[in-house]
Amino acid sequence: MAKYAIGTMIYENRVRRGITQEELSYGICTPGTLSKIENGMQMPRRKIYEGLMQRLGLQSQYYSLPVSREEMERSNLEYLITRKLSLGEYDIDALLERYRNCGAPMDHMEEQFYVYASAMLLKGSDGEIEKMTELLLEAILYTVPNFSAYCPKNCAFLSFMEITIINHIADNYNCLGKSEEAKTMLLFLKEYLEYQEIDLEEKAKIYPMILLNLNSWLGMEGRNELAYELSNTGIDFCIRYGNLTPFPMLVFNKGCNLAKMNRLDEAIPFFRQACTIFEALKDRERAERCRKEVLAAFSVDI
């Protein structure tokens, strides 16, 4: 009965959204495997189930999905690794080693997560951004083999992991001077998250980060009015859904955009708010960096 319920749920939501088996399963499993899952003839592995559900815009709760000991252990490790990365903590070497050596060989989606997390290990390392980008591109190709930074719309339906990887690729491309490709990817992700069905809990994690990256890019281009609007959208979304990670930087960028539009008096309170929030989050280093940036750019001592 549990098998039938899971398969039926996937089938009904796929049909409701007008998605073909080929579109939904692309890069995750074969259409034949998806057909067996939908007909209750086969139970999906944990990562396949997650990918299918997320592409449908649904929460990937396990319900009565049976998982092996190794799958459960890897699931717990994924949570710990993802949690650390969301907090900007990149000391995940030991966790990644445990993830790789759980016992059973990794399937291709577990390999995707492993390569992605290995790329994030390099974040912030001097001279490693190109290697990090190579690993991220390798990771996305596991499930989106036709991915192109020049034409990301080839990705018809995306899981949360795929969205996360593409966002990091765009961020790196911007740092590497490939601004047009970065802009193309970020605008695609923004549009995807605004118009496709996606679980709100998952959207709350990634949407403000995409707005922040896009906001920063537009600010560097001097398109401050549009960047200001994106800051407000991101701030409102963070408040509504409780995402504190990008919140202070969005507040800081809002101040920067106001200052660059010759509205310095309005900007100063946002600079102060951003530094206060960083300090409340025990990120004094970021707060001090923001103060120095404001002093250098606008001759204001916060």
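Everything below is about the structure printed above this text.
Below: a short report on this structure. None of the values given here were measured: they were computed from a predicted structure.

Right, let's get into the overall build of the protein chain. When helices and strands are counted, the protein chain shows 15 helices and zero strands. In terms of overall dimensions, the protein chain is globule-like: its C-alpha atoms have a radius of gyration of 21 Å, near the 19 Å expected for 302 residues. For the protein chain, the C-alpha atoms occupy an extent of roughly 65 × 40 × 30 Å along the three principal directions. Per-residue burial over the protein chain gives 51% buried out of 302 residues. Within the protein chain, contacts between residues at least 6 apart in sequence are counted, and of these 60% link residues at least 24 apart. Accessible surface for the protein chain amounts to roughly 14700 Å². Of this, 51% is attributable to carbon and sulfur atoms. Computed over 35 positive and 43 negative side-chain charges, the separation of the two mean positions in the protein chain equals 3 Å.

Even without being glycine, asparagine 262 reaches a positive phi, approximately 60 degrees. Inspection of the secondary structure puts asparagine 262 in the loop between α13 (247-260) and α14 (264-280). Phi angles above zero are rare outside glycine, and serine 299 is one such case at about 55 degrees. Position of serine 299 among the secondary structure elements: in the segment after α15 (284-298).

To continue, consider helix α6 (residues 93-100). Listed in full, the buried residues belonging to α6 are Leu95, Leu96 and Tyr99. For α6, the arc enclosing every buried residue in end-on projection is 100 degrees, short of the 170-degree limit, so these residues lie on one face. Summarising the contacts, the buried residues of α6 are in contact with α4 (46-55), α5 (69-86) and α7 (108-121).

In this section: the packing of aromatic side chains. Counting across every chain of the model gives seven aromatic pairs. Between phenylalanine 113 and tyrosine 116 the ring centres are 6.2 Å apart and the planes differ by 55 degrees, which places this aromatic pair in the tilted class. Of the two residues, phenylalanine 113 and tyrosine 116 both sit in helix α7, three residues apart, roughly one turn of that helix. When sorted by exposure, phenylalanine 113 lands in the same class as tyrosine 116, which is buried. Centre to centre, the rings of tyrosine 207 and phenylalanine 237 are 5.0 Å apart; their planes meet at 70 degrees, and the pair counts as edge-to-face. In this pair, tyrosine 207 sits in helix α11 (residues 200-220) while phenylalanine 237 sits in helix α12 (residues 224-241), placing the two residues 30 residues apart along the sequence. The class for tyrosine 207 is buried, based on a relative accessible area of 4%. A connected cluster of aromatic rings, assembled from ring pairs, spans Tyr99, Phe113 and Tyr116. One Lys or Arg, lysine 203, reaches over the ring of tyrosine 207 and ends 5.1 Å from the middle of that ring.

What counts as what
Residues numbered from 1 in each chain as written. Predicted model: local features only at pLDDT ≥ 70, side-chain atom pairs only at ≥ 80, totals over all residues. Heavy atoms only, no water. Helix = DSSP H or I, 4+ residues; strand = E, 2+ residues; numbered from the N terminus. Rg over C-alpha atoms; globule rule 2.2 N^0.38 Å. Buried < 20%, exposed > 50% of the residue type's maximum accessible area, 1.4 Å probe, protein only. Contact = heavy atoms within 4.5 Å. Areas by Shrake-Rupley, 256 points an atom, 1.4 Å probe, with all protein chains shown as cover. Lys, Arg positive; Asp, Glu negative; His and termini not counted. Charge placed at Lys NZ, Arg CZ, Asp CG, Glu CD. Arc of directions from axis to C-beta. Phe/Tyr/Trp six-rings, centres within 6.5 Å; stacked < 30°, edge-to-face > 60°. Lys NZ or Arg CZ within 6 Å of the ring centre and 35° of its normal.

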